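# Structural features, examined
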Protein chains: 2
Amino acid sequence: MNGRLAVIGLGPGDPRYLTPDAEAALRDAQALYGYAPYLNRVPVCAGQSRHPSDNREEGARAAAALRHAAQGARVAVVSGGDPGVFAMAAALCAEIEAGPESWRALDVVFVPGITAMLAVAAKIGAPFGHDFCAISLSDNLKPWQLVERRLDAAASAGFVIALYNPVSRARPWQFGHAIERLRAHLPAATPVVFGRAVGRPDEHVRVTSLAEADATPADMATLVIVGTRETRVIARSGQTALVYTPRAAAEVSA
Amino acid sequence: MNGRLAVIGLGPGDPRYLTPDAEAALRDAQALYGYAPYLNRVPVCAGQSRHPSDNREEGARAAAALRHAAQGARVAVVSGGDPGVFAMAAALCAEIEAGPESWRALDVVFVPGITAMLAVAAKIGAPFGHDFCAISLSDNLKPWQLVERRLDAAASAGFVIALYNPVSRARPWQFGHAIERLRAHLPAATPVVFGRAVGRPDEHVRVTSLAEADATPADMATLVIVGTRETRVIARSGQTALVYTPRAAAEVSA
């Protein structure tokens with residue numbers, strides 16, 4: 001009797017972004033694990049047990065799900081967005097590597113989802129029209145010095161930058177420092193997009209500039225996109241502005 | 001009578017990755033535009049006209065779709081993967097910016113999809129468990145010198161790297177040069193993942209190393225993921241190996 005573990009991306013929140021693959025994997029599970037607010041997005045299904053846990057307990061949650069699957073159950077771990085992008089898939093893999101040999105024999109599948117950077121981008125145009133990167137501003141699991149080094153590398157080489165986890169209650173200053181850092185590389189007018197809770201009822205998307213970015217409210221539900229020297233804003237009468245980065249880059253930027 | 005234009009991400013190819021949002025937008029369209037192989041993935045719907053075009057005609061395709069929508073039609077442009085990642089969304093925005101004022105008044109929506117890097121990652125574990133970037137190796141629209149500069153910046157700052165468009169008939173040497181370039185920054189044992197046609201019947205995923213990467217076949221349907229110094233391969237008996245990048249980075253890498 002071999003257990004099965006599915007690590008499922010729920011996308012940005014609204015069921016219209018949930019893939020049929022993810023929906024089938026959710027229905028198939030006997031037990032659901034996840035951060036409570038993500039678990040609450042999953043419709044209740046008779047006979048399924050639910051195991052909510054707090055944020056920042058990824059390792060313990062992953063281990064609990066693996067133990068359950070190793071007993072022969074069909075277990076699902078849910079993530080917002082895509083499980084592979086600053087979410088549960090890496091935590092699961094780390095537990096499998098550190099855990100008993102039996103965990104390596106489990107049937108493990110990862111079900112991709114629409115990650116926040118793509119959901120926010122789609123609301124505003126095509127900010128990632130050219131080469132891009134994603135950086136988590138959380139310094140819980142890496143030194144802040146490394147975040148700064150990556151911001152420097154990305155901005156000076158002309159990558160569009162997605163900033164995940166810009167601000168939390170425990171990390172109030174990091175986002176301001178990151179914006180300040182980026183100003184050393186990019187013009188004050190560089191377009192910056194704030195997308196909050198995209199795909200949920202309180203969705204809010206705002207276009208601003210690098211000059212104004214640190215005065216704009218952000219929290220853990222916010223995804224910030226910092227453009228390049230080439231990123232353009234198209235004003236439209238009667239429609240929201242479009243933000244895009246042209247596919248062509250004529251010269252080495254920055 | 002206002003036209004409507006939807007730029008729709010089909011995901012990796014299999015309908016199980018197509019979001020309900022994308023499916024609804026496809027059904028709603030009166031006319032479908034796209035690169036012929038992508039258009040062929042969309043089920044035929046009575047009363048819809050189809051306008052296939054060749055690859056590398058993105059600008060002309062976007063302009064044709066905009067003209068059609070400006071006549072008051074509900075038009076859809078389809079992309080593989082996500083329309084905002086090396087696909088049609090940026091081409092559409094560029095045509096809107098350059099085109100007549102009436103195109104700015106159109107109702108334009110972008111429907112996100114599962115992009116290739118996330119689909120390939122999900123097949124193998126969590127290679128993007130840490131900060132990452134995406135670089136198109138096509139030098140049709142940017143100088144090769146800029147590609148090299150971005151490879152240097154990304155590898156030396158410890159980003160996991162997704163390489164889109166690694167090889168085409170017209171660009172036979174770029175991928176080998178890129179791998180050679182990365183070897184100056186990363187150990188020969190750095191894990192490299194090749195994912196070809198993921199989500200389609202001829203899907204193939206292979207794990208190799210930076211030392212072997214340029215000897216591994218790749219084409220335009222291949223997405224290549226180059227790990228960091230921290231990226232791990234977990235061998236599993238009776239299961240395929242898992243590749244993941246730990247969420248924690250203890251020091252400045254590379």
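See the structure shown above.
Here the structure is a predicted model, which means the values were calculated and not measured.

The next point concerns the relation of the copies chain A and chain B. By a simple turn and slide, chain A fits onto chain B: the slide is 0.0 Å along the axis, the RMSD is 0.0 Å, and the turn is 180 degrees. The superposition operator between the copies reduces to a two-fold rotation axis. Relative to the rotation axis, the C-alpha of C133 of chain A is the closest in chain A, positioned 1.9 Å from it. The fraction of interface residues of chain A whose copies in chain B are also interface residues reaches 100%, indicating that both copies meet through the same surface.

So, on to the sheet that holds strand β13 (residues 242–244) of chain B. With mixed pairing, the 3 strands of this open sheet are ordered in space as β6-β13-β12 (chain B). The open sheet has two edge strands with one neighbour each: β6 (125–126) and β12 (232–234) of chain B. By the bridge criterion, 2 bridges tie β6 of chain B to β13 of chain B in an arrangement that is parallel. Across the sheet, G125 of chain B pairs through a bridge with V243 of chain B, a residue of β13 of chain B. Running at roughly 120 degrees to β13 of chain B, helix α4 (residues 88–98) of chain A makes contact with β6, β12 and β13 of chain B of the sheet.

Further remarks concern the interface of chain A and chain B. Where interface size is given, it is often the accessible area lost as the parts come together that is meant. If you look at the interface, chain A gives 76 residues, while chain B gives 76 residues. When the two sides are added together, the surface that chain A and chain B hide from each other amounts to roughly 6500 Å², 60% of it contributed by carbon and sulfur. Our enumeration of links across chain A and chain B arrives at 10 salt bridges. Where chain A meets chain B, there are 32 residue pairs in polar contact (both at pLDDT 80 or more).

Turning our attention to the side chain of D21 of chain A. Within the element layout of this structure, D21 of chain A appears in helix α1 (residues 20–28). A residue is classified by how much of its surface remains accessible, and D21 of chain A, at 19% relative accessible area, is buried. Excluding residues within four positions of it along the chain, D21 of chain A makes contact with V111 of chain A together with R16 and Y17 of chain B.

Moving on, we get to unusual backbone geometry. Non-glycine residue F86 of chain A carries a positive phi angle of around 50 degrees. Along the chain, F86 of chain A falls in the loop between β4 (74–79) and α4.

Residue and element names in this part refer to chain B. Within the fold, A70 resides in helix α3 (residues 58–70). A relative accessible area of 36% means that A70 is categorised as partly exposed. Sequence separation between A70 and D107 is 37 residues; the distance between their C-alpha atoms is 9.7 Å. Excluding its chain neighbours within four sequence positions, the residues that come into contact with A70 are W103 and L106.

Counting buried residues along strand β7 (residues 132–136) of chain A, 5 of its 5 residues qualify, which places the element largely inside the surrounding structure. Burial of β7 of chain A is two-sided: the residues F132, A134 and S136 of chain A facing one way and the residues C133 and I135 of chain A facing the other way are all buried. Alignment of β7 of chain A against strand β8 (residues 160–164) of chain A, held across 5 bridges, turns out to be parallel. Within β8 of chain A, the position partnered with C133 of chain A by the bridge is I161 of chain A. Inspection of the sheet shows β7 of chain A paired to strand β7 (residues 132–136) of chain B by 3 bridges, in the antiparallel sense.

This part is about the sheet that holds strand β8 (residues 160–164) of chain B. By way of backbone hydrogen bonds, the strands of a sheet pair with one another, either parallel or antiparallel. Ordered by their spatial adjacency, 10 strands build an open sheet running β10(A)-β9(A)-β11(A)-β8(A)-β7(A)-β7(B)-β8(B)-β11(B)-β9(B)-β10(B), and the pairing between neighbours is mixed. Only two strands of the sheet have a single partner each, and these edge strands are β10 (204–209) of chain A together with β10 (204–209) of chain B. The sheet shows a mean angle of 15 degrees between the axes of neighbouring strands, direction not considered. Across 6 bridges, the pairing between strand β9 (residues 191–196) of chain A and β10 of chain A is antiparallel. Paired with V192 of chain A across the two strands is T208 of chain A, which belongs to β10 of chain A. Sheet strands in contact with helix α6 (residues 116–124) of chain A are β7, β8, β9, β10 and β11 (222–226) of chain A together with β7 of chain B, and its direction is about 65 degrees off that of β11 of chain A.

Among the nonpolar cores identified, the biggest contains 51 residues, and I135, I161, L163 and V226 of chain A together with I161, L163 and V226 of chain B are the most heavily contacted of them. If near-sequence neighbours (up to four positions away) are discounted, I161 of chain B is found in contact with C133, I135, L151, A154, A155, L182, V224, I225 and V226 of chain B. One finds V160 and I225 of chain A together with A134 and V243 of chain B within the second-largest nonpolar core, a separate group that totals 39 residues.

Basis of the calculations
- Residues numbered from 1 in each chain as written.
- Chains lettered and ligands numbered in written order.
- Predicted model: local features only at pLDDT ≥ 70, side-chain atom pairs only at ≥ 80, totals over all residues.
- Heavy atoms only, no water.
- Least-squares fit on C-alpha atoms with pLDDT ≥ 70 in both.
- Contact = heavy atoms within 4.5 Å.
- Pairing = 2+ DSSP bridges.
- Helix = DSSP H or I, 4+ residues; strand = E, 2+ residues; numbered from the N terminus.
- Axes fitted to C-alpha atoms, helices over the stretch in contact; angles between N-to-C directions.
- Buried area = accessible area lost by both parts, 1.4 Å probe.
- Salt bridge = Lys/Arg side-chain N within 4 Å of Asp/Glu carboxyl O.
- Polar contact = N/O pair within 3.5 Å; in protein donor to acceptor, adjacent residues only side chain to side chain.
- Buried < 20%, exposed > 50% of the residue type's maximum accessible area, 1.4 Å probe, protein only.
- Core = buried A, V, L, I, M, F, W, Y, C linked by side-chain atoms within 4.5 Å.

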